[in-house]
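Each chain, letter by letter, is given below.
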Protein chains: 2
Amino acid sequence: MKTVKIGIVGFGTVGAGAAATLLANHDVIAKRTGVNVELVRIADLDITTDRGVTVPADMLTTNADDVIREADIVVELVGGTTFAKTLILKALNAGKSVVTANKALLAKYGEELFAAAAANGVDLYYEASVGGGIPVIKALQEGLVANRIQRIYGILNGTCNYILTRMEREGADFADVLADAQRLGYAEAEPSLDIDGFDTAHKASILASLAFGRWYGMDPVSVEGIRNISLTDLRYADELGYRIKLLGIIKAINGSVEIRVHPTLVPKNALLANISDVFNGVMVEGDMVGQTLFYGRGAGRNATASAVVADITDVAVNIANGCPRRVTFRENAQITAVTAPGDVQSRYYIRLQVKDTPGVMAAVTNVLAGENISISSLIQPETTGNDVVPLVILTHSAGEAQLRAAIKNIEALPAVCEQARIFRIEDL
Amino acid sequence: MKTVKIGIVGFGTVGAGAAATLLANHDVIAKRTGVNVELVRIADLDITTDRGVTVPADMLTTNADDVIREADIVVELVGGTTFAKTLILKALNAGKSVVTANKALLAKYGEELFAAAAANGVDLYYEASVGGGIPVIKALQEGLVANRIQRIYGILNGTCNYILTRMEREGADFADVLADAQRLGYAEAEPSLDIDGFDTAHKASILASLAFGRWYGMDPVSVEGIRNISLTDLRYADELGYRIKLLGIIKAINGSVEIRVHPTLVPKNALLANISDVFNGVMVEGDMVGQTLFYGRGAGRNATASAVVADITDVAVNIANGCPRRVTFRENAQITAVTAPGDVQSRYYIRLQVKDTPGVMAAVTNVLAGENISISSLIQPETTGNDVVPLVILTHSAGEAQLRAAIKNIEALPAVCEQARIFRIEDL
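Going along each chain's sequence as written, the residues are numbered from 1 onward. All chains are assigned letters beginning with A, and all ligands numbers beginning with 1, in the order in which they are written. Residues qualify for local features only when their pLDDT is at least 70, as the model is predicted, and side-chain atom pairs are given and counted only at 80 or more; totals for whole chains, interfaces and linings, by contrast, use all residues. For side-chain calculations, the full set of non-hydrogen atoms in the structure is used, while hydrogens and water are omitted.

Engineer: Could you give me a rundown of the overall build of chain A, with the residues and numbers involved?
Structural biologist: Strands are runs of DSSP state E lasting at least 2 residues, helices are runs of H or I lasting at least 4, and numbering of each runs from the N terminus. For chain A, the helix and strand inventory stands at 14 helices and 17 strands. For the radius of gyration, the atoms used are the C-alpha atoms, and the globule rule reads 2.2 Å times the number of residues raised to 0.38. For chain A, whose C-alpha radius of gyration is 24 Å, the value lies close to the compact-globule estimate of 22 Å for 428 residues. Projected onto its principal axes, the C-alpha coordinates of chain A cover approximately 80 × 45 × 35 Å. Relative accessible area decides the class of each residue, using a 1.4 Å probe on protein chains only: under 20% of the type maximum gives buried, over 50% gives exposed, and in between gives partly exposed. Relative to its 428 residues, chain A shows a buried fraction of 62%. What makes two residues a contact is simply this: any of their non-hydrogen atoms within 4.5 Å. Of the contacts made within chain A by residues no fewer than 6 positions apart, 73% connect residues no fewer than 24 positions apart. Note on areas: Shrake-Rupley, 1.4 Å probe, and residue coverage restricted to the protein chains presented here. Accessible surface computed for chain A: about 15400 Å², of which carbon and sulfur atoms make up 48%.

Engineer: Lay out the confidence of the model for chain A with the relevant residues and their values.
Structural biologist: Taken as a whole, chain A shows an average pLDDT of 96; of its residues, 100% reach a score of 70 or greater. Complex prediction metrics read pTM 0.97 and ipTM 0.97. Every residue is assigned a pLDDT by the predictor, reflecting its confidence on a scale from 0 to 100.

Engineer: So what's going on with the environment of Asn36(B)? Which residues, and what values?
Structural biologist: All names here are of chain B. Here Asn 36 lies in strand 2 (residues 35-43). Residue Asn 36 is classed as buried on the basis of its relative accessible area of 15%. Here the alpha-carbon distance between Asn 36 and His 26, two residues 10 residues apart in the chain, equals 7.7 Å. Filtering out sequence-adjacent residues up to four positions away, Asn 36 remains in contact with Met 1, Lys 2, Thr 3, Val 4 and His 26. Pairs of N or O atoms within 3.5 Å make up the polar contacts considered here, provided that, within protein, one atom can donate a hydrogen while the other can accept it, and that residues adjacent in sequence are counted only when both atoms are side-chain atoms. Separated by 2.5 Å, the side chains of Asn 36 and His 26 make a polar contact.

Engineer: Give a detailed account of the interface of chain B and chain A, specifying residues and quantitative values.
Structural biologist: At the interface, 54 residues of chain B touch 54 residues of chain A. Buried area: the accessible surface (1.4 Å probe) lost by two parts on joining, summed over both. Of the roughly 5000 Å² buried where chain B meets chain A, counting both sides, 54% is carbon and sulfur surface. If you sort the residues of chain B by the area they bury against chain A, Arg32(B), Met288(B) and Arg326(B) come out on top, with a joint share of 17%. The rule for a salt bridge is simple: a side-chain nitrogen of Lys or Arg has to be within 4 Å of a carboxyl oxygen of Asp or Glu. On inspection of chain B and its partner chain A, the count reaches 6 salt bridges. The partner of Arg148(A) in a salt bridge is Asp27(B), and the shortest N-O contact between them spans 2.6 Å. Taken together, the links from chain B to chain A amount to 36 residue pairs in polar contact (both at pLDDT 80 or more). Elements supplying a minimum of two residues to the side of chain B that touches chain A: helix 1 (13-24), helix 2 (26-33), helix 6 (136-143), strand 12 (290-297) and helix 12 (301-320) of chain B.

Engineer: Provide a residue-level description of the pattern of salt bridges, including the pertinent values.
Structural biologist: Residue and element names in this part refer to chain A. Applying the stated criterion to the full structure yields 56 salt bridges over all chains. A salt bridge links Arg 51 to Asp 46, with the shortest nitrogen-to-oxygen separation between them at 3.5 Å. Measuring nitrogen to oxygen at the nearest pair gives 2.8 Å for the salt bridge that ties Asp 65 to Lys 90. Residue Asp 65 is found in helix 3 (residues 64-70), and its partner Lys 90 is found in helix 4 (residues 83-93); the two are separated by 25 residues along the sequence. On the basis of relative accessible area, Asp 65 is assigned to the partly exposed category, the value being 32%.

Engineer: So, the packing of helix 6 of chain B against helix 10 (residues 198-212) of chain B: which residues are in play, and what are the values?
Structural biologist: All names here are of chain B. Axis separation between helix 6 and helix 10 bottoms out at 9 Å; the angle between their running directions is 15°. Accordingly, the angle class assigned to the pair helix 6 and helix 10 is roughly parallel. Once helix 6 is placed against helix 10, the crossing between them reads as right-handed. Listed contacts from helix 10 to Ile 137, Leu 140 and Gln 141 of helix 6 are Ile 206, Leu 207 and Leu 210. The axes are straight lines fitted to the C-alpha atoms, using for helices just the contacting stretch, and the angles between their N-to-C directions are given from 0 to 180°. Here the word oblique covers every angle except those under 35 degrees (roughly parallel), over 145 (roughly antiparallel) and from 65 to 115 (roughly perpendicular). Crossings are assigned a handedness: left-handed for a near helix turned anticlockwise from the far helix by less than a right angle, right-handed for a clockwise turn.

Engineer: Explain a nonpolar patch on the surface to me, using residue names and the numbers behind them.
Structural biologist: Taken together, Leu193(A), Phe198(A) and Val223(A) make up a surface patch of nonpolar side chains, about 240 Å² in accessible area. Here Val223(A) lies in strand 8 (residues 221-223). Patches here: salt-bridge-free residues with over 30% relative accessible area, like charges joined within 9 Å, nonpolar side chains (Val, Leu, Ile, Met, Phe, Trp, Tyr) joined within 5 Å.

Engineer: An account of the side chain of Thr33(B) is requested, with residue identities and associated values reported.
Structural biologist: Mapping Thr33(B) onto the fold places it in helix 2. Of note is the side chain of Thr33(B), whose polar atom sits 2.7 Å from the backbone oxygen of Ile29(B). Look past the residues within four positions of Thr33(B) in its chain and what remains in contact with it is Val145(A), Arg330(A), Thr313(B) and Val317(B).

Engineer: Any details on empty space enclosed by the protein? Residues and values, ideally.
Structural biologist: A probe matching the size of a water molecule, rolled over the atoms, marks out where space remains unfilled. Cavities and pockets were defined on a 1 Å grid built over protein atoms only: a cavity is a set of grid points that admits a 1.4 Å probe from which the probe cannot escape, a pocket is an open set flanked by protein on both sides within 12 Å along at least five of seven lines, and lining residues are those with an atom within 4 Å of any such point. Grid points are joined across faces, edges and corners, and a volume is the space filled by probe spheres set on the points. Under the defined criterion, the tally for this structure stands at 10 cavities of 30 Å³ or more. By volume, the largest cavity amounts to about 200 Å³. Along the walls of the largest cavity sit 20 residues, with Arg32(A), Gln141(B), Val145(B), Val327(B) and Thr328(B) positioned nearest its centre. Every element with two or more residues in the lining of the largest cavity is listed here: helix 2 (26-33) and helix 12 (301-320) of chain A together with helix 6 and helix 10 of chain B. Tallying contributions element by element places helix 12 of chain A first for the lining of the largest cavity, with 4 residues. Of the residues assigned to the lining of the largest cavity, the class counts are 7 nonpolar, 8 polar and 5 charged. Classification used: nonpolar for Ala, Val, Leu, Ile, Met, Phe, Trp, Tyr, Cys and Pro, charged for Asp, Glu, Lys and Arg, polar for all others including Gly.

Engineer: If you had to explain the relation of the copies chain B and chain A to someone new, which residues and values would you point to?
Structural biologist: C-alpha atoms of residues with pLDDT of at least 70 in both copies form the basis for the least-squares superposition of the copies. Screw-axis analysis of chain B against chain A gives a translation of 0.0 Å along the axis, an RMSD of 0.0 Å, and a rotation angle of 180°. Both chain copies can therefore be described as sitting about a two-fold axis. For chain B, the residue whose C-alpha comes nearest the rotation axis is Phe294(B), separated from it by 2.4 Å. With an isologous cut-off of 70% or more, the 100% of interface residues of chain B that recur at the interface of chain A puts this contact in the isologous class.

Engineer: Which residues make up the sheet that holds strand 5 (residues 97-100) of chain A, and what values do they have?
Structural biologist: All names here are of chain A. Two strands are counted as paired when DSSP detects at least two bridges linking them. Spatially, the 6 strands line up as an open sheet ordered 3-2-1-4-5-6, and their pairing is parallel. In the strand order of this sheet, the two ends are held by strand 3 (60-61) and strand 6 (124-125), each with one partner. Across 2 bridges, the pairing between strand 5 and strand 6 is parallel. Considered in strand 6, the bridge of Val 99 is made with Tyr 125. Packing of helix 12 onto the sheet brings it into contact with strand 1 (2-9), strand 2 (35-43), strand 4 (73-76), strand 5 and strand 6, and relative to strand 4 it is tilted by some 160°.

Engineer: An account of the nonpolar core is needed here, citing residue identities and associated values.
Structural biologist: Counting residues in each nonpolar core, the largest one holds 166 residues, and the members touching the most others are Ile163(A) and Ile163(B). Ignoring anything within four residues of it in the chain, the contact list for Ile163(A) reads Phe174(A), Val177(A), Leu178(A), Ala181(A), Ile195(A) and Ile226(A). Only buried residues count toward a nonpolar core. Its members are Ala, Val, Leu, Ile, Met, Phe, Trp, Tyr and Cys residues joined through side-chain atoms within 4.5 Å.

Engineer: Give me unusual backbone geometry: which residues, what numbers.
Structural biologist: Residue and element names in this part refer to chain A. Although it is not a glycine, Asp 277 sits at a positive phi angle of roughly 55°. In this fold, Asp 277 is placed in the loop between strand 10 (256-267) and strand 11 (279-286). For Asp 277, a relative accessible area of 25% corresponds to the partly exposed category.

Engineer: Could you give an account of the sheet that holds strand 3 (residues 60-61) of chain B, with specific residues and numbers?
Structural biologist: Residues and elements named next belong to chain B. Spatially, 6 strands are ordered 3-2-1-4-5-6 in an open sheet, and the strand pairing comes out parallel. The open sheet is flanked by strand 3 and strand 6 (124-125), the only strands paired with a single partner. Here 2 bridges tie strand 2 to strand 3, and the two strands are oriented parallel to one another. What sits directly across from Ile 42, in strand 3, is Leu 60.

Now the structure itself:
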């Protein structure tokens, strides 16, 4: 049995999980693949903290170069986009294959990193970068290889999904649930990366790149997080048959790609609407396969380790069989055009607070009609004794530019009291 | 760019879909893989019927040997277990790799077929045999390779799921929905393979083999279909918070494997319970990844073609990179023991029709207590003017043997009027 040597850089939560998995399940991996996937070295600046996994003391080093020198596969689990980038390039240029879970790095520097892997004839694998333990990169790259990808909808951030699930289930406010999630360790002390949608955006960019063969980077990705979702909107959505989820949305329409991240109303009976708590789910639609969905834990030590070790094994099998770069991201630009934000078409949920006076409804609906925006349903709940009442409008598909123009005019109406709350709707 | 030649045997629905996909999406497959996957020959006894896909006349042949001679990869899509088996063995022995969608054949003769593939140093791929277009074989074999598999629950037969969905949604009887499904082409004129659970059983056996590294064949698989599911039971299940789905269930418990197929009560809020119509879904639980779920179309020309062409591409990439048998089923028997049916533990739903007389409840519950079967809930709906009333009992986990013994004694009670209706419950 051939041996392939594995070195990990970054002995934090995921690094420790990957090491533990390589050790605990070494036997089944060898039986299934015919390859001895052997952990030989782990580097971290801190090699004294107990990580909950027992490794021989001489396996640990504070010098990442030891890992690059001794391992056939270098596993980058330090995160961030500075040292991690240098490390990966150094490993690739030393002729070593690399496995990483670093979505921010790939989303930003994918093109450069994959060019370096190609130039050196080695592999760069990244299953854990999207969807945690869910093998969705492999599904997109191999399992659905026969398809032209049409749409991808992903619940890609466990923290956001956890917060939205609890808000809906408990009728609790965003701020309270966020604070509790922070206390429980489901949200970071500095939660912006998650709740403002950037983490989802990194992942959506990677999925779009895989689907359409070009590294889009972050520029074309429009991003809106979950801070502005109120209980009021969750309740109206519910009444109208929807849940609100933070989705990464990728669509190919008329030879142009749109990549966006925003809170989205999805029909309650759709599988995506039923993905709760910290779980992730990715719906991929291809021209042949139709709709598929991949579900699992999007984060956490062991689930992420499952994906990292799957990558390690895949690359090890390539090395053992002398076929590096058997499957890799190939720059082939099936679709290069990117849709400008103003040209994106969507259905909308609009909630207004309006004065309860005659003519308001006519004024609002006239503005929408003037922008050619058609109303699919409308609720004005019966209220008593209030001067200001809510008005909730669902539209048919309309252009973002038209919608923005209409909202500007609606907000200028004397009877409209607050900024409109606007969410997009996807009927999946 | 290297060229790999593809030949298809069986130009029926799936064969035509695979041919159409290879032709329509040839360009994206080449861009993604760097390999020219070229359809060169199609064999069928009938080469005159219009299959809805345009191929050059000289690509067609009535002689499967032409395909074996000319192709690098032979795609078996004739079905059945006689000619298909001979054909596959002939192709493997001629040094050709094979792609098949034939679940019955693999479930029965997997061991022999994979031995032949190994002896000849070629690939035998079968993604389309389970879950149609869902890349679940790849997920189990590669994406989750780092895990010890603990449980698999699969909705694996679209016909059964369609019938159950319509029964539940419309309050319609099994026989009526089956007749309508036959009229619409969702069920065969001879529906037994689907509705009696055998198709699901073939797929469950394949999944178990993949998960645990041994060809179990069909002998250890206990099978019960959906003929005996009544509207009454769907309604009580609903009242108790469950839906009834036909599941293939695979569990590894204490170093022993159980493989069974039967109608199962699953909690309504579980994702599996929300997989409707002809769709399939497979929940795989691994020790590291936790619960994952894979969802999509389990049948149909294009969805199945998506999986067949993914396999073709995978094998073609192996051939182009000189690494046949890079990933394959390896007989490694992680778990050889099989649990005897009587030893399987499960929760149960029991519906009795009992005479509305004093002491019935005591008599029934005494029998259960005597077999150490604990009741988790019980409904005796209020009825008026009926001599015979329903009694629905949900149990905690109990052994199959104990349950059978208890039911025998319960059915012998003078107050019990009909055969008990029994379904298993899985809380997922």
